[in-house]
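Chains, contacts and geometry: an overview
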Amino acid sequence: MSSPQQVDHLVVGAGFAGLAAAIKLDEAGERDFVVVEKDSDVGGTWHVNTYPGAECDVPSQLYSYSFALNPDWSKVYSPQEEIWAYARRVAEESGTLDRFVFDTAVRDARWDDEAQRWIVRTQGPSGEKEYAARTLIAGSGGLSEPRLPEIEGIEGFRGEIFHSARWNHDVDLTGKRVAVIGTGASAIQLVPELQQVVGHLDVYQRTPNWIIPRNERSFTGLEKSVFQRVPGAQRALRALVYATLESRAPAFTRFPQLMRAVELQGRKNIAKGIKDPELRAKVTPDYRAGCKRILISNKWYPALAADNVDLVTDPITTITGDAIVTADGVERPIDVLVVATGFYVTEPPIAQHITGREGRTLADVWDVGGMAAYKGTTIHGFPNLFQIVGPNTALGHSSMIFIIESQVRYVVEAAKAMRREGLTAVEPTQAAQDAWTAEIRRRMRPTVWQTGGCASWYLDKFGNNTTLWPGQTFTFRKHLAAFDIDRYDVRVSHHREAVHA
Ligand code: NAP
């Protein structure tokens, strides 16, 4: 292999995180970067998730970059292709696409302490390539690696099978017998679409979710032209959406009993969509709303109540060549199996491929105590690694793009500080990271995620919520407003010369 390409910054992933990092680095004059993306275009999850009915459940006025408002959103909650087209347009207009490399996966990244660089091996259409990068900015997302269910016999299924995030559009579902495993955010969007075309649909539910009505509507031509001509009006609407969503945070983080109001809405939604008392009982959760992600849909319950749909709640025991068998012994034949079973969140596979200063992978380090990072972004033992949407940065109540922009600002401030001070490496001290993690754990205790009486993918194998931010988003932003170098070990040459904190 030829010698590594030297770059200042290597960004992994061209989703909303990687794209924001590219744009903001460029604006700050940090122009020597490469964005490596395993898929064929920008957009991340909004490029990959093409299942029928895929839409965002956060209003687009807020689920968009603050620096690239879009006056043309068609609806309050935009569909996937519109969000993807938005990301594509922002990327094109930013003038950074010349530094994006598509269809290229990161195989591994190793910190070279001698060179003070990340050595990153990639695999693309023209083979393997190596980069030597000053910083590694991981924007590969928490919801990018599909989790397939471990069910006996699933490998022997002879029909078509695919994950919601890897939709196979070549399979015509018209008139077929289809099963969907899972009833999460993806399933509740795709099931109502499938119900309209398939012959019969079995929906396998392990745990019901709280689902409240979706306040849908399209923007009128007049509204769009006002947004176009008076950006201040759109900013005001965005601020209103932000404030409305933000006002819900305390119910998640400090006063879970307030979730009774959501449960009332959820029960009404069930009563409106389903007449059969038995089916109503099956879909009614027995835990506090908010413990698992609160979902929004007007179509889910009517779809379950349709004549060609069965909601199966008996646990699946085996999958045969052409059927699903449940614990009650019933065998339901199917042609196509859709698994909408979520993603690897608390044990992200990319962590197995990142090796830090002491020769240990991020997966090994996190295996001992769970995911942890200083301010959700930097990690002791992994100099110059910045993780966007890292541990405890995800949200249940607002737009992840707000968090992404907060983190990107921090990364850019770090890059500027490194250049200004002539630093080759920055690494949060163990003490700083431990104090941050302890505070997160303390704040997590009264939250609905820990007290609500459910099992959720927010929690890791130790029972800790290492996924969500336990507070207001503006507090998160304030924490990351400046690069607090006094919490970092820094190096100005091959040898550690200055230690802070
Ligand atoms: P998910 O919320 O993790 O749901 C997975 C579903 O599969 C759950 O119902 C789960 O049941 C079930 N399941 C998993 N393994 C199973 C097994 N072995 N047997 C039976 N059932 C099994 O995944 P998702 O629906 O893909 O959503 C993931 C996240 O993506 C969401 O929370 C959200 O953050 C994001 N998302 C967002 C949007 C949006 O509109 N913005 C849309 C889709 C997804 P249990 O509940 O019992 O575990």
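Residues numbered from 1 in each chain as written. Predicted model: local features only at pLDDT ≥ 70, side-chain atom pairs only at ≥ 80, totals over all residues. Heavy atoms only, no water.

**Observations regarding the nonpolar core**
- By size, the foremost hydrophobic cluster in this structure holds 82 residues, and its most contacted members are Phe-16, Tyr-63, Tyr-65, Phe-100, Ile-137 and Val-426.
- Among the elements that take part in this core, helix α12 (residues 400-421) stands out by supplying 13 residues, more than any other.
- Shared between two domains, this core takes at least three residues from each, and those domains are domain 1 (5-145 + 344-500) and domain 2 (154-209 + 248-339).
- Formed by 32 residues, the second largest nonpolar core is a distinct cluster that contains Leu-173, Ala-187, Leu-295 and Ala-306. (Core = buried A, V, L, I, M, F, W, Y, C linked by side-chain atoms within 4.5 Å. Buried < 20%, exposed > 50% of the residue type's maximum accessible area, 1.4 Å probe, protein only. Helix = DSSP H or I, 4+ residues; strand = E, 2+ residues; numbered from the N terminus. Domains from an automatic or database assignment.)

**What about the domain arrangement of the chain?**
- Along its sequence, the chain is carved into domain 1 (5-145 + 344-500) and domain 2 (154-209 + 248-339).
- Computed over C-alpha atoms only, the centres of domain 1 and domain 2 are separated by 31 Å.
- In this assembly, domain 1 packs against domain 2 so that about 2300 Å² is buried in total across both faces, 56% of it on carbon and sulfur atoms.
- On the surface where domain 1 and domain 2 come into contact, there are one salt bridge.
- Residue Arg-293 pairs with Asp-57 through a salt bridge whose shortest N-O separation is 2.8 Å. (Buried area = accessible area lost by both parts, 1.4 Å probe. Salt bridge = Lys/Arg side-chain N within 4 Å of Asp/Glu carboxyl O.)

**Regarding the site of the ligand**
- Every one of the 22 residues lining the ligand counts as a neighbour, but Glu-55, Asp-57, Ser-186, Thr-207 and Lys-292 are closest to it.
- Interatomic distance of 2.9 Å between a side-chain N/O atom of Arg-206 and an oxygen atom of the ligand.
- Between the ligand and the protein, one listed contact pairs an oxygen atom with a side-chain N or O atom of Lys-292 at 2.8 Å.
- Relative to its free-state accessible area of 920 Å², the ligand is covered by the protein chains to the extent of 83%. (Near = heavy atom within 4 Å. Polar contact = N/O pair within 3.5 Å; in protein donor to acceptor, adjacent residues only side chain to side chain. Areas by Shrake-Rupley, 256 points an atom, 1.4 Å probe, with all protein chains shown as cover.)

**Side note on the sheet that holds strand β12 (residues 309-312)**
- With parallel pairing, five strands are arranged side by side in an open sheet as β7-β16-β8-β9-β12. Each of the sheet's edge strands pairs with one partner strand only, and the pair in question is β7 (160-163) and β12. Going across the sheet, the axis of each strand differs from the next one's by a mean of 15°, ignoring polarity.
- Note that strand β8 (residues 177-181) and strand β9 (residues 200-204) share five bridges and pair parallel. Residue Ile-181 lies in a different strand from β9, and its bridge partner there is Tyr-204. (Pairing = 2+ DSSP bridges. Axes fitted to C-alpha atoms, helices over the stretch in contact; angles between N-to-C directions.)

**Remarks on the pattern of salt bridges**
- Applying the stated rule across the entire model yields 32 salt bridges.
- For the salt bridge of Arg-357 with Glu-358, the shortest nitrogen-to-oxygen distance reads 3.7 Å.
- Linked by salt bridges that have partners in common, Asp-113, Arg-357, Glu-358, Glu-427 and Arg-491 make up one network.

**Section: the layout of surface pockets**
- One number sums up the size of the second largest pocket: a volume of about 760 Å³.
- Of all the elements in the fold, those that place two or more residues in the lining of the second largest pocket are α6 (231-246), α7 (249-253) and α8 (260-273).
- By residue number, the principal contributor to the lining of the second largest pocket is α6, which donates five residues. (1 Å grid on protein atoms, 1.4 Å probe; cavity = no way out; pocket = protein on both sides within 12 Å on 5 of 7 lines; lining within 4 Å. Points joined across faces, edges and corners; volume = space filled by probe spheres on them.)

**Describing the sheet that holds strand β15 (residues 331-333)**
- The three strands are arranged β13-β14-β15 in an open sheet whose pairing can be described as antiparallel. The sheet terminates laterally at β13 (316-319) and β15, the two strands that pair on one side only. Across this sheet, the average inter-strand angle for adjacent strands is 25°, counted without regard to direction.
- In terms of strand pairing, β13 meets strand β14 (residues 323-326) through three bridges, oriented antiparallel. The partner of Ile-319 across the bridge, within β14, is Ile-324.

**A few points about unusual backbone geometry**
- For Lys-375, which is not glycine, the phi dihedral falls at a positive 55°.
- The topology assignment puts Lys-375 in the loop between α11 (362-369) and β18 (385-387).
- Positive phi, normally seen in glycine, also occurs at Asn-384, with a value near 60°.
- Within the fold, Asn-384 resides in the loop between α11 and β18.

**Some words on the environment of Asp-108**
- For Asp-108, the location among the structural elements is in strand β4 (residues 105-112).
- Accessibility expressed as a relative area gives 23% for Asp-108, which makes it partly exposed.
- In sequence terms Asp-108 and Ile-119 are 11 residues apart; their C-alpha atoms lie 8.2 Å from each other.
- Not counting the four nearest positions on each side in its chain, Asp-108 is found in contact with Ile-119, Val-120, Arg-121 and His-353.
- Polar side-chain contacts of Asp-108 include one of 2.5 Å to the side chain of Arg-121. (Contact = heavy atoms within 4.5 Å.)

**Side note on the packing of aromatic side chains**
- Throughout the structure, instances matching the rule amount to 21 aromatic pairs.
- Taken together, the ring pairs in this structure connect Phe-16, Trp-46, Tyr-63, Tyr-65, Phe-67, Trp-73 and Tyr-86 into an aromatic cluster.
- Positioned over the ring face of Tyr-77 is Arg-214, at 4.5 Å from the centre of the ring.
- Above the plane of the ring of Phe-402 lies Arg-477, whose end atom (NZ or CZ) is 3.8 Å from the centre. (Phe/Tyr/Trp six-rings, centres within 6.5 Å; stacked < 30°, edge-to-face > 60°. Lys NZ or Arg CZ within 6 Å of the ring centre and 35° of its normal.)

**Overview of the packing of helix α5 (residues 221-229) against α6**
- With their axes 5 Å apart at the nearest point, α5 and α6 run at an angle of 110° to one another. Judged by the inter-axis angle, α5 sits roughly perpendicular to α6. On α6, the residues touching Val-226, Phe-227, Gln-228 and Arg-229 of α5 are Pro-231, Ala-233, Gln-234 and Leu-237.
- Looking at the contact of α5 with α6, its residues break down into five nonpolar, two polar and one charged. (Parallel < 35°, antiparallel > 145°, perpendicular 65-115°, else oblique. Nonpolar A, V, L, I, M, F, W, Y, C, P; charged D, E, K, R; others polar.)

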